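Next come the chains, spelled out residue by residue.
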Amino acid sequence: MPTSNPAAQTAFGPMAIAAIEQHEPPGSRIVDDDLAARILPNGLRWLVRATAWTPLRHWLIRLGERSGQGAWSIFVCRKRYIDDQLAAATVDAVVDLGAGLDTRGCRLARTSRTPVFEVDQVVNVALKQQAITRALGAVPASVRLVPVNFQRDDLAEALQHAGHDSSHRTFFIWEGVTQYIPETAVRATLAYLRTAAPGSRLAFTYVQRDFIDGSNLYGNSILYKRFRVRSQVWMFGLSPSGVAPLLAEYGWHVLEDVSGPEFQARYLTPAGRRLSTTELERTVLAEKT
């Protein structure tokens, strides 16, 4: 199941972090995801099992934090936030754009028949199909895996073919994707989202524009060298002041735009977790007007 495709490789890290987080006691755990470890390849599952030993787990978290400010909290907090917003929403469908190995659809299928459309690149969809089948025996009936090329394919056509009804109120998730695609592809996705039914919700993450242009590294120089200097795989960013005007062009109203300080107050401090935070990446909740 391991792959050398760079885009597919980015799916493993966040899920490994979520899986390791499950070894934290319930009162201090930020995100609950009992399927995270099961969906990972063998090598990573061995690592996750080893981190049940608290000293090793805490050492790994500290090691990650030394590589960049907010290196651990950025993943667990954004996942928790999106899970919370999805649980609170009243919708008829869920569309996860760039779902990677995320387990939300499978977890939701335990308690709801709400259809979940997981959209991703062909290589990632194949990876996800294998992972779910190995972990659960089969993909749940309510979960539809939809392969697309975000820079080339017609997203509306692909989702319609998969059975999504655009007249249904939908919760759209766009997590950890926008920095990997050019502005033209971001706007193409937003153009599709313009057709969403009133009352639909959108939760998406973005990287700060001043990080992309190198004027503010947010304590993450290693990350900058990896994704902007060496590979240049991160190509798009936004400034917080530009989010609301951009979404308004496509008929969406910003409800919240949160990052490290808000996550600290909502999740980390109540859980007694001493993790660094960052404003490098922010998470937006918006509603279709």
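This section reports on the structure supplied with the text. (Residues numbered from 1 in each chain as written. Predicted model: local features only at pLDDT ≥ 70, side-chain atom pairs only at ≥ 80, totals over all residues. Heavy atoms only, no water.)

Residues three or four positions apart in an α-helix share a direction because the helix packs 3.6 residues into each turn. Inspection of helix α12 (residues 240-248) places Val 243, Leu 246 and Leu 247 among the buried residues, and these make up the whole buried set. Down the axis of α12, the buried set is contained in an arc of 90°. They therefore lie on one face. As for α12, its buried residues are in contact with α9 (183-193), β5 (201-207), β6 (252-258) and β7 (281-288). (Buried < 20%, exposed > 50% of the residue type's maximum accessible area, 1.4 Å probe, protein only. Helix = DSSP H or I, 4+ residues; strand = E, 2+ residues; numbered from the N terminus. Arc of directions from axis to C-beta. Contact = heavy atoms within 4.5 Å.)

Moving on: the sheet that holds β5. With mixed pairing, the seven strands of this open sheet are ordered in space as β3-β2-β1-β4-β5-β7-β6. The strands lining the two open edges of the sheet, one partner per strand, are β3 (143-147) and β6. Each strand axis lies, on average, 20° off the axis of its neighbour in the sheet, ignoring direction. Pairing between strand β1 (residues 93-97) and strand β2 (residues 116-120): four bridges, direction parallel. The partner of Leu 97 across the bridge, within β2, is Val 119. Each of β2 and β3 touches helix α7 (residues 122-136); the most contacted strand, β3, lies at about 150° to it. Lying over the sheet, α12 contacts β5, β6 and β7, oriented at roughly 155° with respect to β6. (Pairing = 2+ DSSP bridges. Axes fitted to C-alpha atoms, helices over the stretch in contact; angles between N-to-C directions.)

Roughly 190 Å³ of internal volume is contained in the second largest pocket. Along the walls of the second largest pocket sit Glu 24, His 58, Ile 61, Arg 62, Glu 65, Gly 272, Arg 273, Arg 274 and Leu 275, which together make up its complete lining. Of the residues in the lining of the second largest pocket, the class split is two nonpolar, two polar and five charged. (1 Å grid on protein atoms, 1.4 Å probe; cavity = no way out; pocket = protein on both sides within 12 Å on 5 of 7 lines; lining within 4 Å. Points joined across faces, edges and corners; volume = space filled by probe spheres on them. Nonpolar A, V, L, I, M, F, W, Y, C, P; charged D, E, K, R; others polar.)

Looking now at the nonpolar core. Core analysis: the biggest nonpolar cluster contains 41 residues, and Ile 30, Trp 72, Val 76, Cys 77, Tyr 81, Leu 101 and Phe 171 have the highest contact counts within it. For this core, the elements supplying multiple residues, two or more each, are α2 (12-21), α4 (54-67), α5 (73-88), α7, β4 (170-174) and α13 (260-271). (Core = buried A, V, L, I, M, F, W, Y, C linked by side-chain atoms within 4.5 Å.)

Where α13 is concerned, the buried positions are Gly 260, Phe 263, Tyr 267, Leu 268 and Ala 271. Burial along α13 is one-sided: seen end-on, the buried residues are contained in an arc of 90°. Structural note: α13 exposes Ala 265, Thr 269 and Pro 270 on the side pointing more than 90 degrees away from its buried face. The first or second residue beyond α13 is Gly 272, which carries a positive phi of 70°.

A separate point is the pairing of β3. Both β2 and β3 contribute to a ladder of five bridges, which runs parallel. Bridge pairing links Phe 117 to Arg 144 in β3. On the question of chirality, the crossover connecting β2 to the parallel β3 by way of α7 is right-handed. (Right-handed = clockwise from strand over helix to strand, strands pointing away.)

What follows concerns the side chain of Thr 114. Relative to the helices and strands, Thr 114 is located in the loop between α6 (104-108) and β2. In terms of polar contacts, Thr 114 uses its side chain to reach the side chain of Ser 112, at 2.7 Å. The residues touching Thr 114, leaving out its near neighbours within four places in the chain, are Asp 92, Ala 93, Val 94, Leu 108 and Ser 142. (Polar contact = N/O pair within 3.5 Å; in protein donor to acceptor, adjacent residues only side chain to side chain.)

Just geometry here; none of it tells us what the structure is for.
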